[in-house]
Amino acid sequence: MKALTSITMTAIRELLYERVFYILIAFSAVALVLSYLLGQLTYTEQNKLTLDFMLGGIELSMVLFSIFMGISLFQRELVLGTVALVLSKPISRGTFLIGKFLGQLVVQMALIACMSVLAYAMGGAQVGTAAVFQFFIATALKISILTSITYLFAVNTGAIISALGTFLLYTLGHLIENVTLSIKDPEQIVLWKWIQFFVPSFESLNLKNLVSYNVLIPWHEVGVLMVYGLFMTGIYLSLAVFCFNERDIPT
Amino acid sequence: MKASEIDISVVSVSKTFRTGLFTKKQAVKDVSFSIPRGEVIGLLGPNGSGKSTLLKMILGFLHPTEGEISVCGEKSQGRKARFQIGYLPENPRFPKFLKAKEAMLYYGALYQLPHATIDKKADELLELVGLRHVANERIKGFSKGMVQRLAIAQSLINRPRILIFDEPMSGLDPMGRIEIRNLIKKVHLELKDSTIFFSSHVLEDVEQLCSYVALMNEGILKTFSTTEALLSSEAQRYDISLDKEMTRTVDSIEELVSDLTTLLNEKKKIIAVHPHRKNLEHALFRQNESLQTRTQEKIG
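Residues numbered from 1 in each chain as written. Chains lettered and ligands numbered in written order. Predicted model: local features only at pLDDT ≥ 70, side-chain atom pairs only at ≥ 80, totals over all residues.

**Structural notes on the overall build of chain B**
Moving on, step 1. Within chain B, the regular secondary structure consists of nine helices and 13 strands.
Moving on, step 2. Evaluated residue by residue, chain B yields a buried proportion of 37% over its 300 residues. (Helix = DSSP H or I, 4+ residues; strand = E, 2+ residues; numbered from the N terminus. Buried ≥ 20, exposed ≤ 12 C-beta atoms within 10 Å, placed from the backbone.)

**A short note on the overall build of chain A**
Moving on, step 1. Looking only at helices and strands, chain A features 10 helices and zero strands.
Moving on, step 2. Written out in order from the N terminus, the α and β elements of chain A read α-α-α-α-α-α-α-α-α-α.
Moving on, step 3. Dimensions of chain A along its principal axes, counting C-alpha atoms only, are 60 × 50 × 35 Å.
Moving on, step 4. Considering chain A as a whole, with its 251 residues, one finds that 44% of them fall into the buried category.
Moving on, step 5. Put simply, 80% of the contacts in chain A that link residues at least 6 apart link residues at least 24 apart. (Contact = placed C-beta atoms within 7 Å.)

**So, the interface of chain A and chain B**
Moving on, step 1. Counting residues at the interface gives 22 residues for chain A, matched by 23 residues for chain B.
Moving on, step 2. Broken down by secondary-structure element, the contributors of at least two residues to the side of chain A that touches chain B are helix H1 (2-17) and helix H4 (82-87) of chain A.
Moving on, step 3. With seven residues, H1 of chain A is the single largest residue contributor to the side of chain A that touches chain B.
Moving on, step 4. Looking at side-chain class alone, the side of chain A that touches chain B contains 10 nonpolar, seven polar and five charged residues. (Nonpolar A, V, L, I, M, F, W, Y, C, P; charged D, E, K, R; others polar.)

**Some details on helix H6 (residues 129-156) of chain A**
Moving on, step 1. Helix length check: H6 of chain A, at 28 residues, gives a terminal C-alpha distance of 41 Å against a target of 40 Å (1.5 Å per residue), a fit within 8%.
Moving on, step 2. Burial analysis of H6 of chain A places 21 of its 28 residues in the buried class, which makes it a mostly covered element. (Expected span 1.5 Å × (residues − 1).)

**Regarding unusual backbone geometry**
Moving on, step 1. Within the chain, Cys72 of chain B stands out as a residue other than glycine whose phi angle is a positive 50°.
Moving on, step 2. Here Cys72 of chain B lies in the loop between strand S4 (66-71) and strand S5 (74-75).

**Regarding helix H3 (residues 115-128) of chain B**
All names here are of chain B.
Moving on, step 1. Compared with the 20 Å implied by 1.5 Å per residue over 14 residues, the 20 Å span of H3 between its first and last C-alpha is a close match.
Moving on, step 2. For H3, the full list of buried residues reads Ile118, Lys121, Ala122, Leu125 and Leu126. The buried residues of H3 occupy an angular sector of 130° when the element is viewed end-on, so they sit on one face. Counted as exposed and oriented over 90 degrees from the buried face of H3: Ala116 and Lys120.
Moving on, step 3. Of the surrounding elements, those touching the buried residues of H3 are helix H2 (100-109) and helix H4 (144-155).
Moving on, step 4. The positive-phi residue at the C-terminal boundary of H3 is Gly130, with phi of around 75°. (Arc of directions from axis to C-beta.)

**Let's talk about the packing of helix H2 (residues 19-41) of chain A against helix H3 (residues 46-80) of chain A**
Residue and element names in this part refer to chain A.
Moving on, step 1. Orientation of H2 relative to H3, taken along the N-to-C sense of each, is 165°, at an axis distance of 8 Å. In terms of orientation, H2 and H3 fall into the roughly antiparallel class. Where H2 crosses over H3, the handedness of that crossing is right-handed.
Moving on, step 2. Of the residues belonging to the contact of H2 with H3, the class tally is 16 nonpolar, 10 polar and no charged. (Axes fitted to C-alpha atoms, helices over the stretch in contact; angles between N-to-C directions. Parallel < 35°, antiparallel > 145°, perpendicular 65-115°, else oblique. Left-handed = near helix turned anticlockwise from the far one by under 90°.)

**As for the environment of Phe65 of chain A**
All names here are of chain A.
Moving on, step 1. Its location among the elements puts Phe65 in helix H3.
Moving on, step 2. C-alpha separation for the pair Phe65 and Gln108, spaced 43 residues apart in sequence, amounts to 8.0 Å.
Moving on, step 3. Leave out the neighbours within four places in its chain, and Phe65 touches Leu24 and Gln108.

**What to know about the sheet that holds S5 of chain B**
All names here are of chain B.
Moving on, step 1. On the basis of which strands lie adjacent, the open sheet formed by four strands has the order S2-S1-S4-S5 and antiparallel pairing. Either end of the sheet is taken by a strand with one partner, and the two such strands are strand S2 (24-36) and S5.
Moving on, step 2. Here five bridges tie strand S1 (residues 6-18) to S4, and the two strands are oriented antiparallel to one another. Within the sheet, the bridge partner assigned to Val10 lies in S4 and is Ile69. (Pairing = 2+ DSSP bridges.)

What follows is the structure, given as structure tokens:
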């Protein structure tokens, strides 16, 4: 536990030291301001659209954050060789990977919380805090799954393929339910059902539209989403740890 | 040798890397040896001979394709084995944002040591490697020699039974090399009973530090013996410098006496007699020569 805490804390410090981190923060700020301005340009339901755009901005910036920081935080250790000093110590490779993951997640949770509060203050006055809180939980779960997918790719491939693969899975996770529903051929339906089994359903964690219309989902459903999100994160993270254990580390 | 006296045991270990879709390269071929406790062992060989691959397999970074490695009786891939090891990589890299003392505390925490113990030990070790004065400075501004010394300090934080140093003197200037060499000697004196296993392609370093020498070439372990035995196998040779003539070399003391007698009888002027110094360079060169001859004979 001490080793895990130490790796997590160092990962947090590493993130805060990174230039990419501040570029992404600047990007998030620009996305939020643009979303706000875009919302203000509309004539009807100005507040709802403003909030909708801002929540979209939060999600987009956090997706980019997940992918780029995940790859940077994990793969750079392998490329630069700093991993050699850590893995020569009596810790498992899993501890190292999970420590990095947790460090990144802590920073991202804090960012999502800050940005949600900002969005609420700027455009969501007519929306209840409970709805924004539900958005926070759903986005945090989505980001947690996405970061674990990033780590799975980062363990096995290079930076570009990791980024593309994670983004592809993220897009597929949003579209897969609709694609499966639109298919008529029974054989293809079976195939897509199988694919659906492996691809996380990001769309079911998309509460953006509901929140901007101040629609709360029942809390027990939030509970189900939490179990689902944590389960999917666990699956992808376990796969990443398994692959990391199996691979050679040339350093 | 008793099993309890062996710190590292390598049994029939091979490692093959995939170099392309259909191509493979065998970096280490059927290597076996045992390292006794408390000795300083030098692993020699040219670049690409498989030294680093072997060390990384001992550390559990690479999985052997065949064979088994155990460290203090534990499998090298397991966590337990690494409680006994201190490691200095070939090009040590630290997270740039850490200060020297912070790095020591970070790596110490990975050994699950209590904070107070690590804190005290970190100060002592920074003193030992001469970095106490820069303990609160960022590693980012350190020279290569300072990074190397810090890397040695972090490898000692758990008072390891085995120290594995991969090319500890590589990339250092002559002064830096002497400094690190002396530091290794100091560490060996300080940590009595600890085994130091280090790779190098600088014979002088190995000759000065090691009680055992292992020579690798093209993935094969060609020699593993005590430095003493290797040096005594080197015949004592002499160069006789003569007036207006080229230098003559003789292979033994008897031959020297006989040659000198003849030369004096012939009234030749002898300027100097130089004994060849027994060194690893000659010994290993001869080993390699005899291996090449044997291989050519086999082919022939």
